[in-house]
Amino acid sequence: MDHYDSQQTNDYMQPEEDWDRDLLLDPAWEKQQRKTFTAWCNSHLRKAGTQIENIEEDFRDGLKLMLLLEVISGERLAKPERGKMRVHKISNVNKALDFIASKGVKLVSIGAEEIVDGNVKMTLGMIWTIILRFAIQDISVEETSAKEGLLLWCQRKTAPYKNVNIQNFHISWKDGLGFCALIHRHRPELIDYGKLRKDDPLTNLNTAFDVAEKYLDIPKMLDAEDIVGTARPDEKAIMTYVSSFYHAFSGAQKAETAANRICKVLAVNQENEQLMEDYEKLASDLLEWIRRTIPWLENRAPENTMQAMQQKLEDFRDYRRLHKPPKVQEKCQLEINFNTLQTKLRLSNRPAFMPSEGRMVSDINNAWGCLEQAEKGYEEWLLNEIRRLERLDHLAEKFRQKASIHEAWTDGKEAMLRQKDYETATLSEIKALLKKHEAFESDLAAHQDRVEQIAAIAQELNELDYYDSPSVNARCQKICDQWDNLGALTQKRREALERTEKLLETIDQLYLEYAKRAAPFNNWMEGAMEDLQDTFIVHTIEEIQGLTTAHEQFKATLPDADKERQAILGIHNEVTKIVQTYHVNMAGTNPYTTITPQEINGKWDHVRQLVPRRDQALTEEHARQQHNERLRKQFGAQANVIGPWIQTKMEIGRISIEMHGTLEDQLSHLRQYEKSIVNYKPKIDQLECDHQLIQEALIFDNKHTNYTMEHIRVGWEQLLTTIARTINEVENQILTRDAKGISQEQMNEFRASFNHFDRKKTGIMDTDDFRACLISMGYNMGEAEFARIMSIVDPNRLGVVTFQAFIDFMSRETADTDTADQVMASFKILAGDKNYITVDELRRELPPDQAEYCIARMAPYNGPDGVPGALDYMSFSTALYGESDL
């Protein structure tokens, strides 16, 4: 509501302070005021779907009084009290009276208690005050206003008519010709003025009142008999009635202007609605893609084979290389479209666009963050699973080798231990059996470590969730059970032999010595063969060099081992010589051991053959680790250049602040900056290729750089998004400048002020910086006013002010008119006092395409009293602007 001079209001209200005395002097006037004021109030209340019957009773609770003020002012009052107690009624009436007083109206001797008590005089005085303020005060004719302006308007309109001389608002209207002249002047087809007679006031008055009610939507506020039967009709009743004629006729000449304004806003609405639909669809598609992709990235179902996990890794690379980049572009475009739409809405003084629930830019950023988090976790899981499967394969093979060697060694041992050959053996044979058993025990103890290793490997396979753990456990259990049985049998046989030993006296020391030396040497050779055939996994040069050093140390022990072998063979040769010399019946075998010289020689030859194979395997692995080191250095060298380059380019925010020249020059500079960044893409692609080679080589760490490919990807995507967003901001500044007619000098001043108070040089001001900027520009404001300004420049309540929002606010402050308020006011003028517009009126006043668009928006609504095909004030506001502007 426009502000006006309260002193002027008090001046035109001053003559009405004696209304109470007038009512006491002439009850007829009170009756006329009751009828007129009731009809006037109902003409407005019916727009809200209600009415009053008794003016002093129906306003007592204050509810309909507040509703009346909301309808005639177009503003929202404070929320009414819904209780039935007197204090609730007084509170509601006080809210209404406070609202009237806020419009600069001086209320004389009118209190809420009188209205609640149903005081007729006070109620009529209050209604008259409302009529003066909202129906008569704004009337302006040739530099006169209010009552004088309304009187001058009546005189101008009725001047050409005979027998009509309007000098006041009482006796000048008794004959009814003044009312008929006003109607005929504007709607000559409704009254045949030539047939009217000055001496027939009843007919004249009834004709005017009936025509006004039927064709002009002006309710009948007085009876002709009341006017004719009173020497001096009530001035307030006549003024109220005549003001309705003024408002009904004065808006016709403004209809064409109102129609043009409506066309403009409708066209803007159509374009904005299309942008909103495009945003919603793009946002929905992107969110749906993220929703489908995240479960795939969160799937942690392990595979049993390395080949299957390698395929998963390849699928993940395809996702990174082929599927994700287009979605990154879509996300960037979505933010650009959203910012452009918000800029257009601000330029149209329209509310900011609020996407559907779950489709805000922040929602998309959150979903994108979840996607990248899932992506990072999925990649880490893939690499860990590959390491785990590699480790499992190695352990499983090692388990099989050790188990096979052990099972081969234990083959036949139980049967041997169960033999009772000592029962029929000679003394020498018993002694031999005892020595052989001692050698076996030595051998058994030597194999204890292998059994423990087998159990430890099986336990580790279980802990790493090996897919074939049941068979491993079964085999391990079988070995352990067999080992326990061997221990028990060994102890039992020893006890039997020791009991027999007392009967035996001779023993072949040479065989015993052979057995004692051959068994550990045989174990050493078996251990050597096992170590030489053992697979290895290394990831660095240092690890392979450690294995090579250990292998060289092993080769250095071979001469001593060969001497031991020759010594053992010498013992056997000496035994053979003794047997042959003394013709001992030994059947050519050693009773203390099963290890033969041929077996020793065979294993020794096998060890000699395995040594060069081990040399070759270590040499090949050393070459592979050197190749991996070159890959690490190659990737590190590029990453150490690209990473700092991206970090340097990310200072686009500071660059955009320090740029000078016109906005077009800045835009050109930014596009050149963007082109230089895009031209850097081949180096990123080359780094991706090097990274793929590293992953294919199963290289998991790189000491030559602190940058990972994930860091480079994220930095590159952020850089592209930042330069695109910065270009969009400058484009929106150009759009704002052109739309608001801001000169380049003004834009430079805005930029200089903004940069001066942007202390952190980040391209945005916090609330303290923005307050200081406004104070420097001459704004004298309290906390409430500053909060209102912040709600304009920072609708999302982020606590910062961008340069775009700053120039939007400054351009809005300098604007001459408020487009939205003009359009709504124009519609009210176009609709007239009836406050709705029909389909025929729209098609008559608007171009065909704009009219049909508006009619389509009217479809869900009906006008007052169920008028079909019409759009009333509240429904039009809802259809055109949404609930937020009502």
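Scroll up for the structure.
None of the values given here were measured: they were computed from a predicted structure. (Residues numbered from 1 in each chain as written. Predicted model: local features only at pLDDT ≥ 70, side-chain atom pairs only at ≥ 80, totals over all residues. Heavy atoms only, no water.)

Enquirer: How should the side chain of Arg632 be read in this particular structure?
Expert: Its location among the elements puts Arg632 in helix H23 (residues 597–649). Here Arg632 falls in the buried class, since its relative accessible area comes to 5%. Each residue touching Arg632, except ones within four places of it in the same chain, is listed here: His539, Ile699, Asp701, Asn702 and His704. (Helix = DSSP H or I, 4+ residues; strand = E, 2+ residues; numbered from the N terminus. Buried < 20%, exposed > 50% of the residue type's maximum accessible area, 1.4 Å probe, protein only. Contact = heavy atoms within 4.5 Å.)

Enquirer: Could you clarify how one ought to interpret empty space enclosed by the protein in this entry?
Expert: Rolled over the atoms, a probe as big as a water molecule pinpoints where empty space is left. The final tally for this structure, using the stated rule, is two cavities of 30 Å³ or more. Put simply, the second largest cavity is a space of about 50 Å³. The wall of the second largest cavity is formed by Arg346, Leu347, Asn349, Lys740, Asp808, Ser811 and Arg812. Of all elements in the fold, only helix H15 (306–347) and helix H31 (803–813) reach the threshold of two or more residues within the lining of the second largest cavity. Take the lining of the second largest cavity: its biggest share by element is three residues, from H31. In the lining of the second largest cavity, the residues fall into one nonpolar, two polar and four charged. (1 Å grid on protein atoms, 1.4 Å probe; cavity = no way out; pocket = protein on both sides within 12 Å on 5 of 7 lines; lining within 4 Å. Points joined across faces, edges and corners; volume = space filled by probe spheres on them. Nonpolar A, V, L, I, M, F, W, Y, C, P; charged D, E, K, R; others polar.)

Enquirer: Please clarify how the pattern of salt bridges should be interpreted in this entry.
Expert: Side-chain pairs of opposite charge can arise where the charged atoms are in close proximity. Scanning the model with the defined rule gives 52 salt bridges in all. Among the ionic pairs, Lys331 bridges to Glu335, the shortest N-O distance being 3.2 Å. You can see Lys331 and its partner Glu335 sitting in helix H15, four residues apart, about one turn around the helix. Lys331 gets classed as buried once you look at its relative accessible area, which sits at 13%. Overall, Glu335 belongs to the buried group, its relative accessible area being 10%. A salt bridge links Arg671 to Glu731; its shortest N-O distance comes to 2.5 Å. In this pair, Arg671 sits in helix H25 (residues 663–678) while Glu731 sits in helix H27 (residues 709–740), placing the two residues 60 residues apart along the sequence. What you see here is one network of salt bridges that share partners, running through Arg320, Lys324, Glu372, Glu375, Glu688, Glu710, Arg713 and Glu717. (Salt bridge = Lys/Arg side-chain N within 4 Å of Asp/Glu carboxyl O.)

Enquirer: Help me understand the environment of His88 in this model?
Expert: Mapped onto the elements, His88 comes out in helix H6 (residues 86–102). Exposure remark for His88: the relative accessible area of 22% places this residue in the partly exposed category. Considered as a pair, His88 and Gly62 are 26 residues apart in the sequence and their alpha carbons are 8.8 Å apart.

Enquirer: Would you mind going over H25 with me for this structure?
Expert: Helical geometry: 3.6 residues make up each α-helical turn, so side chains three or four residues apart lie on a common side. Relative to the 22 Å expected for 16 residues at 1.5 Å per residue, H25 spans 22 Å between its end C-alpha atoms, a close match to the ideal helical length. Three or more residues of H25 are buried, namely Leu663, Gln666, Leu667, Leu670, Tyr673 and Ile677. Within H25, the buried residues cover an arc of 120° as seen down the axis, which keeps them to one side. Those residues of H25 that are exposed and angled more than 90 degrees off the buried face are Gln672 and Lys675. (Expected span 1.5 Å × (residues − 1). Arc of directions from axis to C-beta.)

Enquirer: In this structure, what is going on with the nonpolar core? I would like to understand it.
Expert: Across soluble globular proteins, you tend to see nonpolar side chains buried next to one another. Counting 79 residues, the largest nonpolar core has Ile130, Phe179, Ile183 and Phe245 as its most contacted members. For this core, the element with the highest residue contribution is helix H8 (residues 120–136), accounting for twelve residues. Look past the residues within four positions of Ile183 in its chain and what remains in contact with it is Pro188, Leu190, Ile191, Ala208, Val211, Ala212, Leu216, Phe245 and Phe249. In this structure, Phe635, Leu663, Cys773 and Val801 belong to the second largest nonpolar core, which totals 46 residues. (Core = buried A, V, L, I, M, F, W, Y, C linked by side-chain atoms within 4.5 Å.)

Enquirer: Would you mind showing me how to read unusual backbone geometry here?
Expert: Note: most peptide bonds trans; most residues except glycine with negative phi. We note that Asn163 has phi near 65°; this positive angle belongs to a residue other than glycine. Checked against the element boundaries, Asn163 lands in the loop between helix H9 (146–158) and helix H10 (177–186). Take Asn163: its relative accessible area is 45%, and that puts it in the partly exposed class. Backbone geometry at Arg797 places phi at a positive 55°, although glycine is not the residue there. Relative to the assigned elements, Arg797 resides in the loop between helix H30 (783–793) and strand S4 (800–802).

Nothing here speaks to function; it is geometry throughout.
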